[in-house]
Each structure stands twice: as structure tokens, then as C-alpha cells.
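The primary structure of each chain is shown beneath.
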Amino acid sequence: PAGLDLRIRKGITDLAIRPIVKWGEGVLHTPSAIVPAVTDEIRTLLDDMNDTMIAAPGIGLAAPQIGVGLRVIVINLTVGEDPKQLIELVNPEYISREGEVKEEEGCLSIPGYAGSPVRPRFVRVKGLGRDGVERVYEGEGLLARAFCHEIDHIDGKLFVDRLTPLKRDLMVRKLRKRAKANDWDDSPS
């Protein structure tokens, strides 16, 4: 798949940190392809995604955010502080969603911007782990929000798409200007 050999090796720790794709790039707005099998190539992608997420720093990352249109996500609410908290899912999907909550969130692909989309309060998701075995996770609060945010990415959606029409339109206008100028510093204009 395209993008799998775009890794940038950094320092003696051999972290593979890939560039994060910004709003407006087609891969972020297109549903991702299903991964037919968890291969060594996919395990390398998972490693690179984790390294990139931690370096950003962020609590979640989806493959489209590094330019790879595959249904792969990683989440670690500790921003890598506790590697045991890392969740890696290939082809994740919802089993169930309950409740509603509206809280502010940001996105590594939209630096400097935040919004408050309505998300489920609780989710149960399933997907394949790096070993190809199905895993089931339950998430509440921030973890539920992270699952929803990353699954949205592989579905070709960003948090902006979940805002009220007025807020979405205002933000999209600003983002178009940023994308056209390729001006992605962390402060909104």
C-alpha cells in the first residue's frame, strides 16, 4: 500500500516518525480500505503509527493521518507514558454505542483547532490485534471519544464533519484558507 515506505528514521532509538497529513488531503476525506490480513507490513505500520502518535504528541492516530488509506488505528490515553495501555486495532468496528456527550476535542490533522462534536458516552468495539486475533474493547468517556474519533478517520470523516452546520461552515472556511496557504502552525487564524 502507498505510504508504507515513507518512514523517517530518527536518532539512535530508531523511532519511525511519519509526517501527519493535514485537513484537505484526499486520504483524510475518503473511507479507508479493509486490511485483508495482518502481515509484517501491517505490524510495521502499527509501530510507525505508535511512534508518530507519541512524537506528535497525541492520544490516538489513524492510518489515513499518515497518508495510508487502510483501516488501522492506535490509541494510548497516556501519550506513550504507559506502553501497556496501547490499543492497536486493524479493521475496527462498533459492536454497540450508548448515550451522548458533547466535549471539546482536537485533531493532529487539524492543528490549532478544536470543536465539540456529539459522541457516544460508551462504546464497545472489535477489531484485529497485531497478532491477527480478534479483540473487543469497551470504552467510556475519553476512551470512547478516542475510539469514535479514530474510527471516523478511517471512515473518511473528521471532527469538523460532526459539528453543527454553522460551526462546521465557519471552521471549513478557515481551514480552506490554511490548506491553500499550507500554513499549519498551531494557532488558528
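Residues numbered from 1 in each chain as written. Predicted model: local features only at pLDDT ≥ 70, side-chain atom pairs only at ≥ 80, totals over all residues. Heavy atoms only, no water.

### A closer look at the overall build of the protein chain
To keep things clear, this is the line we draw: The numbering of helices and of strands both runs from the N terminus, where a helix is a DSSP run of H or I of at least 4 residues and a strand a run of E of at least 2. Three labels apply to residues, based on accessible area from a 1.4 Å probe with only protein chains included: buried if under 20% of the type maximum, exposed if over 50%, partly exposed otherwise in between. Only the protein chains shown count as cover for residues, with accessible areas throughout obtained via the Shrake-Rupley method and a probe of 1.4 Å.
Tallying secondary structure elements over the protein chain gives three helices and eleven strands in all. Reading the helices (α) and strands (β) of the protein chain from amino to carboxyl end gives β-β-α-β-β-β-β-β-β-β-β-β-α-α. Looking at the protein chain as a whole, 43% of its 189 residues qualify as buried. When the accessible surface of the protein chain is totalled, it reaches about 9,600 Å², and 51% of it is carbon and sulfur.

### Observations regarding the pattern of salt bridges
Here is the rule we go by: Here a salt bridge means any side-chain nitrogen of Lys or Arg lying within 4 Å of a carboxyl oxygen belonging to Asp or Glu.
The full count for this structure, using the stated rule, is 13 salt bridges. Salt-bridge contacts for Arg178 lead to Asp183; the nearest nitrogen and oxygen are separated by 3.7 Å. Judged by its relative accessible area of 3%, Arg178 is buried. Several salt bridges share partner residues, and in doing so they unite Glu105, Arg119, Arg145, Asp152 and Arg162 into one network.

### Describing unusual backbone geometry
In this model, Ala56 is joined to Pro57 through a cis peptide bond whose omega is -15°. In this structure, Val79 takes a positive phi of about 55° despite not being glycine. Relative to the helices and strands, Val79 resides in the loop between strand E4 (72–75) and strand E5 (87–98). Positioned with a positive phi, Asn182 is a non-glycine residue whose angle comes to about 50°. Structurally, Asn182 can be placed in the segment after helix H3 (165–181).

### Regarding the sheet that holds E4
Keep this limit in mind: If DSSP finds at least two bridges between two strands, the strands pair. Lines fitted to C-alpha atoms define the axes here, with helix axes fitted over just the stretch in contact, and angles between the N-to-C directions of these axes take values from 0 to 180 degrees.
The five strands are arranged E3-E4-E5-E10-E11 in an open sheet whose pairing can be described as antiparallel. The sheet is open, and its two edges are formed by strand E3 (60–62) and strand E11 (134–140), each paired on a single side. Averaged over all pairs of adjacent strands, the angle between their axes in this sheet comes to 35°, without regard to strand direction. As paired strands, E3 and E4 are joined by three bridges and run antiparallel to one another. Counterpart to Gly60 in the pairing with E4 is Ile75.

### Some details on the side chain of Ser96
What counts, and what does not: Residue contacts are defined here by distance: any two heavy atoms, one from each residue, within 4.5 Å place the two residues in contact.
Along the chain, Ser96 turns up in strand E5. Discounting chain neighbours no more than four positions away, the residues touching Ser96 are Phe122, Val123 and Arg124.

### Quick look at the confidence of the model for the protein chain
Atomic detail in the predicted coordinates should be set aside for any region of low pLDDT. Which entries qualify depends on this criterion: Here pLDDT means the predictor's own confidence in every residue, given as a number from 0 to 100.
Scored by pLDDT, the protein chain has a mean of 90; 90% of the residues are at 70 or more. Per-residue pLDDT stays below 50 along residues 1–12; that stretch engages in 25 contacts with residues further than four places along the chain or on separate chains.

### Looking at the packing of aromatic side chains
Rule in force here: Stacked, tilted and edge-to-face are the three classes applied to pairs of Phe, Tyr and Trp rings, where Trp contributes its six-membered ring and a pair requires centres within 6.5 Å; stacked means planes under 30 degrees apart, edge-to-face means over 60, and tilted covers the rest. Placement of a positive charge over a ring is assigned whenever Lys NZ or Arg CZ falls within 6 Å of the ring centre and within 35 degrees of the normal to the ring plane.
Scanning all chains against the criterion turns up one aromatic pair. With centroids separated by 6.1 Å and ring planes inclined at 40°, the aromatic side chains of Tyr137 and Phe147 adopt a geometry described as tilted. One end of the pair, Tyr137, is in strand E11; the other, Phe147, is in helix H2 (residues 142–154), and ten residues separate them in sequence. The ring of Tyr94 has Arg97 sitting right over it, with the charged end atom 3.9 Å from the ring centre.

### Comments concerning the side chain of Asn76
Put simply, the rule reads: Whenever two N or O atoms come within 3.5 Å, that pair is a polar contact, provided that in protein one can donate a hydrogen and the other can accept it, and provided that, for residues adjacent in sequence, both atoms are side-chain atoms.
Mapped onto the secondary structure, Asn76 falls in the loop between E4 and E5. From its side chain, Asn76 meets the backbone oxygen of Asp82 in a polar contact 3.2 Å long. Residues contacting Asn76, with those up to four places away along its chain left out, are Met53, Gly58, Ile59, Asp82, Pro83, Gln85 and Leu86.

### Quick word on H2
Using the following cut-off: Expected helix span is given by 1.5 Å per residue-to-residue step, counting one fewer step than there are residues.
For H2, built from 13 residues, the straight-helix expectation of 18 Å at 1.5 Å per residue is met to within 8% by its first-to-last C-alpha distance of 19 Å. Most of H2 sits out of view: twelve of its 13 residues are buried. By the burial criterion, the buried members of H2 are Leu143, Ala144, Arg145, Ala146, Phe147, Cys148, His149, Glu150, Ile151, Asp152, His153 and Ile154. Gly156 occupies a position one or two residues after H2 and carries a positive phi of about 80°.

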